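Summary of the model geometry
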Amino acid sequence: MDLKSIIRTFPDYPAKGIMFRDITTLLKDPKALAYAMDKMEEALKGLDFDLIVAPESRGFIFGVPLAVKLGKGFVPARKKGKLPGHVTSGEYALEYGTDIIEIHTDAIEKGQKIVLIDDLLATGGTAKCICDIVAGLGGEVVCNLFLIELEGLGGREALKGMDTKSILSY
């Protein structure tokens, strides 16, 4: 199945020169969504890990069903102020400023192996921040998996030395 033909592109959104890859067309197509999930599951075949960590909100779309299907736990990485209790935070750069992402301090135990799942790898800022939080909590990210990778934006360089996979590349 050609997933690229299902994902639509909005030129010059949200700013001139950006080609926005919109996955909502893939999400509403049950066969395409199932195929995408199957491809992500295949990418993790044979990998030894304990938990899936994913950032809100689109990472949840792929992370939770994969966790259920693979019999793994799921840990949400949320924007600042969305999680109650004790959290560990990390700051990452945006195009205009910074943002903060948080994970419950007790969500990851020392030595647990983690797979980070998200819909998109662009500059790698969010993923790198999450990997740093996981490491700070004593976990080990054994794989970063993305549905889409936007090449040439530095995402792989930000995650250098880590196993990083993507299903589609633009």
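Residues numbered from 1 in each chain as written. Predicted model: local features only at pLDDT ≥ 70, side-chain atom pairs only at ≥ 80, totals over all residues. Heavy atoms only, no water.

Further remarks concern the sheet that holds strand β3 (residues 51-55). Spatial strand order, β5-β6-β4-β3-β7-β8-β9: seven strands in an open sheet with mixed pairing. The sheet is open, and its two borders are formed by β5 (87-94) and β9 (164-169), each paired with just one other strand. Sheet twist, expressed as the average angle between the axes of neighbouring strands with direction ignored, equals 25°. Pairing analysis gives five bridges linking strand β8 (residues 140-149) to β9, with the strands arranged parallel. Among the inter-strand pairings, Phe 146 is bridged to a residue of β9, identified as Ser 166. (Pairing = 2+ DSSP bridges. Helix = DSSP H or I, 4+ residues; strand = E, 2+ residues; numbered from the N terminus. Axes fitted to C-alpha atoms, helices over the stretch in contact; angles between N-to-C directions.)

Along its 13 residues, helix α3 (residues 58-70) runs 19 Å from first to last C-alpha, staying within 8% of the 18 Å computed at 1.5 Å per residue. Inspection of α3 places Gly 59, Phe 62, Gly 63, Leu 66 and Ala 67 among the buried residues, and these make up the whole buried set. Buried residues in α3, looked at end-on, bunch into an arc of 125°, giving them a common side. The secondary structure elements touched by the buried residues of α3 are α1 (24-27), α2 (30-43), β3, β4 (73-79), β7 (113-121) and β8. A positive backbone phi angle near 70° is found at Gly 71, which sits one or two residues after α3. (Expected span 1.5 Å × (residues − 1). Buried < 20%, exposed > 50% of the residue type's maximum accessible area, 1.4 Å probe, protein only. Arc of directions from axis to C-beta. Contact = heavy atoms within 4.5 Å.)

Moving on, we come to the nonpolar core. Within the largest apolar cluster, 26 residues are counted, with the highest numbers of intra-cluster contacts made by Val 115 and Ile 117. In contact with Val 115, other than residues within four places in its own chain, are Leu 44, Leu 47, Phe 49, Leu 51, Ile 52, Val 53, Val 142 and Cys 143. Among the nonpolar cores identified, the runner-up in size contains 21 residues, and Ile 101, Cys 131, Leu 137 and Phe 146 belong to it. (Core = buried A, V, L, I, M, F, W, Y, C linked by side-chain atoms within 4.5 Å.)

Let's shift gears to the packing of α2 against α3. Two elements in contact, α2 and α3, have axes whose closest approach is 11 Å; the angle formed by their N-to-C orientations is 65°. The handedness of the crossing between α2 and α3 is right-handed. Counting all contacts with α2, which are made through Leu 33, Met 37, Asp 38, Met 40 and Glu 41, the residues of α3 involved are Phe 62, Pro 65, Leu 66, Lys 69 and Leu 70. Looking at the contact of α2 with α3, its residues break down into seven nonpolar, no polar and three charged. (Left-handed = near helix turned anticlockwise from the far one by under 90°. Nonpolar A, V, L, I, M, F, W, Y, C, P; charged D, E, K, R; others polar.)

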